[in-house]
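Geometric and topological summary
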Amino acid sequence: MARFEIPDGWTAQAYQFALDPTPTQVRAFRSHAGGARKAHNTMLAAVKAVMNQRQAERTYGLTDDELTPALGWSLPALRKQWNARKHEVAPWWAENSKEAYNSGLDALARGLDAWSTSRKGTRAGKTIGFPKFKTAKSRRSVRFTTGTIRVETDRRHVTLPRLGRIHTCESTRKLARRLEAGTARILSATLSEDSAGRWHVAFQVLVQRAVAVPGHIGAGEPVVGVDVGVKADSLIVVATPDGRELDRVPAPKSLTAAQARLRALQRRVARQHGPYDVATETKQKPSKRWITQQRRIGRTHAHAAAVRRDVVHNATTELAQRHRVIAVETLNASGMRSAGGARKRGLNLALSDAALVQVRRMLGYKTTWYGSVLVEAGRYFPSSKLCSGCGRRKPNLALADRMYVCDHCGVTIDRDRNAAINLARLGETQRMGATGTGTGSSPAATDSGGDGRGATRESATTGVVNAAGEEASTRHQQLLGETGTVSSEGEAA
C-alpha cells in the first residue's frame, strides 16, 4: 500500500478537546479500551507461542521447511488471525467498534517491528525490548479511522463511531471554523484517558494553512539562540549573536510545588487497604478510599503536567512567530537522568520538572507553521563551555558554576546567557551560509549544527548487535491517515 503524502500547502495537525461524557459513555469508553487490550494480549500470546514452538522444534533437528509456519507480524496478518480467533476468545466482540481491536493490533505490530529493527541494528536510539502484555493499569486509548467522525455544528459536541454524540468541556470552534471553510479534513480521532481520569479526544487533521505570522505579532530579531535549563529563573534563555539577552522564561516548577501535597496523599494511601497484602503476599480487593486517593494523586500529577505544558507552549509559540532563525540544543534528557543514584535525586526531579525536550519538539512543528527555521546544534556542541567573547573552550565547567569566567580573556557572564549567545551564532552561521560559527566551533553544513571543537562525549554509545535467527515478518509501514496509534505531528497551540 502506498504511503499517504501530505499535499503541498497542507500540514498534519492535532486538535485536542476535553470531553464531558455521561456515566454510560464512560463505560463504553472503557469497554473499547479493554477490547484493544484484549486483542493486543491475545495476539501477543499467539506470537510468543509460535516463536517458542519453532525454537523448540529446531532443537529436535527439524529443517526450516518442517517447522511450524511462522505467524506474520504485519497489521493485516495480525488482523486476519484475530478475526479467526475472536469468536472464541472474545464472544462479546460485537459490542465494540472494530477500530478498538484494530488499535490494539496496530500497537502490537509497531512494537514487534521496533523490536525487530532494534535487534538488527537498523533502528536509531536505545535498544527496544520485546512487547509486553498490557494490564488493566495501562493507559486507555482507542483510535478511530473509519465510520462517523464529526465535529458538530453547535461546537459543543463531537461524534465518534459506536459511541455517538459526546459533549465537550470546551468549544471546538478552532477546528469547526476550518472544517466549515473547507480548509481542514479529519483523518482520525484518538480517544484517551489521562492520569486524572479525564477523557480527551484528539483529531488528526489535514490543514491547509499559509506559512505566515499573524498580523498582530511584532517582528523580533532575525536570529536567536535558545538555551534551556532547570533553574527556577531560567527555563528558557533567549539571546542574539551580538550578546543581547532578549528574554528569560522562569521555570514553573509545578511538580516541585506539588511535592507537599503528593507526600501527604501517598502517606495516607499507604495506610489504607490497597490491592496487595504485605503480610500474606497476596492480592486483594482495594478499598473505595484507596481508589479515591489514587484518583487524587492522578489529578495532582495531571495538574502539574498541564501547568508545565502551558508555559512551554506559550514560550515556543512566541519564539516561532517573532524570530526567523532559532538555534536550540539537542539534549539527551533521558541519559542525563539515567545514572547517579540517590545523590542525583534532586537533579533528576528538576530535569523531569523542566521538560527540556518539549521545547525542541514544539519548536520543530511550530517553525513550519510560521515560516521560521529551526537549527539544532549537535548533541556534543559545547555551548556552555565556549567563551562568547574569545571563542576559547573551557576544559571543565561544573554544574554548580552559574557564572562563566573565561581563563583566557577574563570575561564574566551568566552561564545560560553565554550558552544562548553561542547557539545564536551557530544559527547565524546557518543563515549566512558561512563555514564557521564565529565562536571557534566546527562548521555546520545543514540545519543540524556541528558538534563543536573538542566537545566531550559524556554519554556512552550503544553497540550495534546483529540478531541471528529472527522470525520472518512483514515490515510494518507507518501510514498517515491509516489505522494506527502514531501521534500527530503537532498540537494545536
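Starting from 1, residues in each chain are numbered consecutively following that chain's sequence as written. Local features in this predicted model are restricted to residues whose pLDDT is 70 or higher, and side-chain atom pairs enter the listing and the counts only when it is 80 or higher, whereas totals over whole chains, interfaces and linings include all residues. Excluded from the side-chain calculations are hydrogens and water; all other atoms, namely the structure's heavy atoms, are used.

**A look at the packing of aromatic side chains**
By convention, a stacked pair of Phe, Tyr or Trp rings (six-membered ring in the case of Trp) has centres within 6.5 Å and planes under 30 degrees apart, an edge-to-face pair has planes over 60 apart, and any other such pair is tilted. This model, assessed by the stated rule, comprises 8 aromatic pairs. Here the aromatic cluster, defined as three or more aromatic residues joined through ring pairs, consists of Trp 73, Trp 115 and Phe 130. If you follow Lys 86 out to its NZ or CZ, it ends over the ring of Trp 93, 3.7 Å from the centre. In this structure, Lys 394 packs its charged tip against the face of Tyr 404, placed 5.7 Å from the ring centre. Charge-over-ring contacts are defined here by two conditions on Lys NZ or Arg CZ: a distance within 6 Å of the ring centre and an angle within 35 degrees of the ring normal.

**Details of unusual backbone geometry**
Glycine aside, the phi torsion of most residues is negative, and most peptide linkages are trans. Phi angles above zero are rare outside glycine, and Arg 155 is one such case at about 60 degrees. For Arg 162, which is not a glycine, the phi torsion comes out positive at approximately 65 degrees. The exposure class of Arg 162 is exposed, given its relative accessible area of 53%. The classification of residues rests on relative accessible area computed with a 1.4 Å probe and restricted to protein chains. Under 20% of the type maximum is buried, over 50% is exposed, and intermediate values are partly exposed.

**Considerations on the pairing of strand E7 (residues 199–208)**
Under the scheme used here, helices are H or I runs from DSSP no shorter than 4 residues and strands are E runs no shorter than 2 residues, and both carry numbers assigned from the N terminus. Here E7 lies mainly inside the structure; 8 of its 10 residues are buried. Note on pairing: two strands pair once DSSP finds at least 2 bridges between them. Strand direction decides the pairing type here: strand E1 (residues 10–18) and E7, joined by 9 bridges, are antiparallel. Its bridge partner being in E7, Ala 14 is matched across the sheet by Gln 204. Here strand E6 (residues 184–193) pairs with E7 via 9 bridges, running antiparallel.

**What to know about the sheet that holds E7**
An order of E1-E7-E6-E2 is seen for the 4 strands of this open sheet, with the pairing classed as antiparallel. What marks the edges here is a single partner per strand, and that holds for E1 and strand E2 (141–144). Neighbouring strand axes in the sheet, compared pairwise and without regard to direction, differ in orientation by 20 degrees on average. In this analysis, two residues are considered to be in contact whenever any of their non-hydrogen atoms come within 4.5 Å of each other. The convention used is that axes are lines fitted to C-alpha atoms, helices contributing only their stretch in contact, and that angles between N-to-C directions extend from 0 to 180 degrees. Together, E2, E6 and E7 form the strand contacts of helix H1 (residues 23–59), whose direction differs from that of E2 by roughly 90 degrees.

**A look at the sheet that holds strand E5 (residues 164–167)**
Read from one edge to the other, the open sheet built from 3 strands follows the order E3-E4-E5, with strand pairing classed as antiparallel. Where the open sheet ends on each side, the last strands, each with one partner, are strand E3 (150–151) and E5. As judged from the 2 bridges shared by E3 and strand E4 (residues 157–160), these two strands associate in the antiparallel manner. What sits directly across from Val 151, in E4, is Val 158.

**With respect to the pairing of strand E9 (residues 236–239)**
Here E9 shows no split at all, with Ile 236 and Val 238 on one side and Val 237 and Ala 239 on the other all buried. With 4 bridges connecting them, strand E8 (residues 223–228) and E9 associate as antiparallel partners. Note that in E9 the partner of Asp 227 across the bridge is Val 237. Here E9 pairs with strand E10 (residues 245–249) via 4 bridges, running antiparallel. Looking at the pairing, Ile 236 lines up with Val 249 of E10. In this structure, the hairpin formed by E9 and E10 is closed by a connection of 5 residues, where Gly 243 is found at a positive phi of approximately 100 degrees.

Geometry only, nothing functional implied.
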